[in-house]
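# Structural overview
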Amino acid sequence: MRFSIVIPCYNAANTLKVCLQSIVDQDLQGADCEIVLVDDCSTDDSLAIAAEFDCRIIRCESKKGPGVARNLGAAAARGEILAFTDSDCIVPSGWLRRLQQHFADDAVQAVFGGYCGTAGDSPMEVFAFLDCLYRQTEMDFHIELSSSSNFACRKMAFVQVGGFPLYSLWGNDPEVKPFWGNEDMDIAYLLNEQYGDGLVWDKDNGVVHHFRSTLVTYAKQQAFFASASMVSLFKYPGLRAANNTEGRTSAFAQLCSIAPLVGILGVFKWPILVLMPLLSLLGVALANKGFLALLNSEQRQGYRLRFLCYLVGRNVAWTLGTVRGISWGVGSIFGTQREVVLQSTN
């Protein structure tokens, strides 16, 4: 079987070289594979770095986002298996070998994986990784856990579901101003609807990721993800019933845990409400008791108070993002969807 490894790239000069080298260093004997790098109008040295490697480079005419870039790469791919990762990821040496083992079963149509490490060691990056690790190892597979940074699919199945959906908000032309942000959950849902048991969740074939290193950038990212998730729920109502509800139940508990913070608004009239942030901290701790236990097992006890503050910040970001996402979701109702052209451009 032949693999086409598709990597969307935008201003990734700081991470791209180690990403491409990790693909070159795969231990799959006699591997038949190609690297398809899709540059989304980078303005840094990304293209010069990519030129150092044996990869096909496709350039977008204008910046459209990673979903469009992945579709362009998939259309140009020559392999029967599409393997997606991101330019800020490092794949383990056995990544393709393990994917090959899965796709040796003709019934398998797609394989999703998670993260196995963080490229940085700051407290914020460690927290972000362990947060993902907990959700990926402690929960059974559900669509909310899918990630296009570690995803492989038969090209035939990818074409069958139409690739990563191309749509817009509020009537914008999706060819000019597409919406992107949750395309991994979108395609996981579409594949699940089409192939069901043909999807595999391999939690042991993770990739290393460059996570956000500051609370501000991390909170912005989480707020955006929460907003984009709401768009997907509006766009595909069936997501609310797909797979199990463990992920949504957990997310709802996280949002509720910071509700007492609203009480601080009345502190000038009722001084007792100054205790509300402490109540919220307690709520966050209870909602994340399993995650805090993981921190203990990982010998990260020294970060416990800092991580608890990060949890509050994450949950606040999720709440604000969810509120914003409702308006975005309404916008998706009035948006436009276009069919993705996935015929080979070889």
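In this text the structure is predicted, and so the values were computed from the model without any measurement. (Residues numbered from 1 in each chain as written. Predicted model: local features only at pLDDT ≥ 70, side-chain atom pairs only at ≥ 80, totals over all residues. Heavy atoms only, no water.)

Here we come to the nonpolar core. Counting residues in hydrophobic clusters, the biggest one holds 50 residues, and the most contacted among them are Leu-16, Leu-20, Trp-95, Leu-99, Phe-127 and Leu-130. Broken down by element, the residue count for this core peaks at 8 residues, all from helix α5 (residues 123–138). In this structure, Leu-16 is in contact with Cys-9, Leu-37, Ser-46, Ile-49, Ala-50 and Ser-87, ignoring residues within four places of it in sequence. By size, the runner-up hydrophobic cluster in this structure holds 41 residues, among which are Ile-58, Ala-157, Tyr-189 and Leu-233. (Core = buried A, V, L, I, M, F, W, Y, C linked by side-chain atoms within 4.5 Å. Buried < 20%, exposed > 50% of the residue type's maximum accessible area, 1.4 Å probe, protein only. Helix = DSSP H or I, 4+ residues; strand = E, 2+ residues; numbered from the N terminus. Contact = heavy atoms within 4.5 Å.)

The subject of this paragraph is the sheet that holds strand β3 (residues 56–59). As summarised here, the arrangement of the 8 strands in space is β3-β2-β1-β4-β7-β6-β9-β5, forming an open sheet in which the pairing is mixed. Where the open sheet ends on each side, the last strands, each with one partner, are β3 and β5 (89–90). In terms of strand pairing, strand β1 (residues 3–9) meets strand β4 (residues 81–85) through 4 bridges, oriented parallel. Across the sheet, residue Ile-5 finds its bridge partner in β4, namely Ala-83. (Pairing = 2+ DSSP bridges.)

Another point: the pairing of strand β6 (residues 110–118). Summarising burial for β6: 7 of the 9 residues are buried, a large majority. The sheet contact formed by β6 and strand β7 (residues 150–154) spans 3 bridges and is antiparallel. Bridge pairing links Ala-110 to Cys-153 in β7. Pairing analysis gives 7 bridges linking β6 to strand β9 (residues 199–209), with the strands arranged parallel. Counterpart to Phe-112 in the pairing with β9 is Trp-201.

Right, let's get into the packing of helix α8 (residues 215–235) against helix α12 (residues 304–333). Where α8 contacts α12, the axes come no closer than 6 Å and their chain directions differ by 35 degrees. Regarding α8 and α12, the two cross each other, and that crossing is right-handed. Grouping the amino acids of the contact of α8 with α12 by side-chain chemistry returns 17 nonpolar, 7 polar and 3 charged. (Axes fitted to C-alpha atoms, helices over the stretch in contact; angles between N-to-C directions. Left-handed = near helix turned anticlockwise from the far one by under 90°. Nonpolar A, V, L, I, M, F, W, Y, C, P; charged D, E, K, R; others polar.)

To continue, consider α12. For α12, spanning 30 residues, the distance from its first C-alpha to its last is 42 Å, which sits close to the expected 44 Å at 1.5 Å a residue. Maximal helix bending in α12 amounts to about 25 degrees, located at Gly-325. (Expected span 1.5 Å × (residues − 1). Bend = angle between axes of the 7 residues up to and from the residue.)

With that out of the way, let us pick up the packing of aromatic side chains. Evaluation of the coordinates by the stated rule reveals 19 aromatic pairs. On the basis of an interplanar angle of 85 degrees and a centroid distance of 5.5 Å, the ring pair of Phe-84 and Phe-164 is categorised as edge-to-face. Taken together, the residues Phe-84 in strand β4 and Phe-164 in the loop between α6 (155–160) and β8 (166–167) connect sequence positions 80 residues apart. Here Phe-84 and Phe-164 have matching classes, each one buried. Through a chain of ring-to-ring contacts, three or more aromatic side chains come together here, namely Tyr-167, Phe-179, Trp-180, Phe-224, Phe-225 and Trp-328. In this structure, Lys-63 is placed above the aromatic ring of Tyr-10, and the distance from its NZ or CZ to the ring centre is 4.5 Å. In this structure, Lys-235 is placed above the aromatic ring of Tyr-167, and the distance from its NZ or CZ to the ring centre is 5.0 Å. (Phe/Tyr/Trp six-rings, centres within 6.5 Å; stacked < 30°, edge-to-face > 60°. Lys NZ or Arg CZ within 6 Å of the ring centre and 35° of its normal.)

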